[in-house]
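Geometric and topological summary
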Amino acid sequence: MNESDWAVGDRSRLTFDAFCDTHHRTWSGFAGTRLPEGAAREAVETAKDRVWREWQRILREPYPAFQAWTILKEELGAVLLRRMMDGEPSPAPGPVPPWVRSVRAAAERARDLPETGAGHERLYAALCGLSERRHDVVVLRYLLGLTDAQIADCLATTEANVRSTAGQALDRLAGALGGRPREWHR
């Protein structure tokens, strides 16, 4: 952002800064599940720049958080595509990533996934096999710990839809890992 951007519309800038402060943890956390730290930080900053350029339009939308979420996802996709086109290797599997522990712990608490010796690569593959909406709900809910209301705001949906989508996602993960889907969800 250049200096003239900062000077234009102090009230608009304050609103934008507060909006970004509110969503920064979510955006950074989500980007961190897809990219190495530096690339994730860069994608979030690029997304913020785009949100600022489109801020006046975004404020007129019924779901500003969803508009920003869409921009973030586009920027993540662009970075992933650039990395792939540049021939950069996927991060090497190492110790169990924190997101695996989070998803596994949440699933075990809810008893949606079987207690298997499946490695984190298998869980990651199952998570990647989810639809985009289900994947987002699992990451936002179980990894980042957002409330259903916060997720609904990001995804421009209802809390009931978030709960339903989370249940469907856990059923799919259970099936992919050899477990049995539950008959009901919390």
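None of the values given here were measured: they were computed from a predicted structure.

Let's talk about the overall build of the protein chain
Of regular secondary structure, the protein chain possesses 10 helices and 0 strands. The burial tally for the protein chain puts 41% of its 186 residues in the buried class. Taking all contacts inside the protein chain whose residues are at least 6 apart in sequence as the whole, residues at least 24 apart take part in 69%. A total of about 10500 Å² of accessible surface is found on the protein chain, and carbon and sulfur atoms cover 52% of it.

Here we look at the environment of Gly 32
Its location among the elements puts Gly 32 in helix α2 (residues 10-34). Sequence separation of Gly 32 and Leu 76 is 44 residues, and the distance between their C-alpha atoms is 10.0 Å.

Quick notes on the environment of Pro 64
Residue position: Pro 64 is located in helix α5 (residues 64-85). We classify Pro 64 as partly exposed; its relative accessible area is 22%. Once the C-alpha coordinates of Pro 64 and Asp 153 are considered, the two residues, 89 residues apart in sequence, prove to be 8.4 Å apart. Other than its neighbours up to four places away in sequence, Pro 64 contacts Phe 19 and Ile 58.

Some points on the packing of α2 against α5
Contact geometry for α2 and α5: axes closest at 11 Å, N-to-C directions at 30°. The handedness of the crossing between α2 and α5 comes out as right-handed. On the side of α2, the interface is formed by Phe 19, His 23, Thr 26, Trp 27, Phe 30, Ala 31 and Arg 34, while α5 contributes Pro 64, Ala 65, Ala 68, Trp 69, Leu 72, Lys 73, Leu 76 and Leu 80. Considered class by class, the residues forming the contact of α2 with α5 number 11 nonpolar, 2 polar and 2 charged.

Quick word on the pattern of salt bridges
One pass over the structure, following the stated rule, counts 12 salt bridges. We note a salt bridge from Lys 48 to Glu 45, for which the minimum N-O separation is 3.7 Å. Here the residue Lys 48 and the residue Glu 45 both occupy positions in helix α3 (residues 37-53), the gap between them amounting to 3 residues, near one helical turn. Judged by its relative accessible area of 36%, Glu 45 falls in the partly exposed class. A salt bridge links Glu 61 to Arg 57, with the shortest nitrogen-to-oxygen separation between them at 3.4 Å. A relative accessible area of 28% means that Glu 61 is categorised as partly exposed.

Some points on the packing of aromatic side chains
Within the structure shown, the criterion is met by 5 aromatic pairs. Seen in terms of ring centroids, Phe 16 and Trp 52 are 5.0 Å apart; in terms of plane orientation they differ by 55°. Their pairing is tilted. Taken together, the positions of Phe 16 in helix α2 and Trp 52 in helix α3 put the pair 36 residues apart, joining distant regions of the chain. With a relative accessible area of 2%, Phe 16 lands in the buried category.

How each quantity is defined
- Residues numbered from 1 in each chain as written.
- Predicted model: local features only at pLDDT ≥ 70, side-chain atom pairs only at ≥ 80, totals over all residues.
- Heavy atoms only, no water.
- Helix = DSSP H or I, 4+ residues; strand = E, 2+ residues; numbered from the N terminus.
- Buried < 20%, exposed > 50% of the residue type's maximum accessible area, 1.4 Å probe, protein only.
- Contact = heavy atoms within 4.5 Å.
- Areas by Shrake-Rupley, 256 points an atom, 1.4 Å probe, with all protein chains shown as cover.
- Axes fitted to C-alpha atoms, helices over the stretch in contact; angles between N-to-C directions.
- Left-handed = near helix turned anticlockwise from the far one by under 90°.
- Nonpolar A, V, L, I, M, F, W, Y, C, P; charged D, E, K, R; others polar.
- Salt bridge = Lys/Arg side-chain N within 4 Å of Asp/Glu carboxyl O.
- Phe/Tyr/Trp six-rings, centres within 6.5 Å; stacked < 30°, edge-to-face > 60°.

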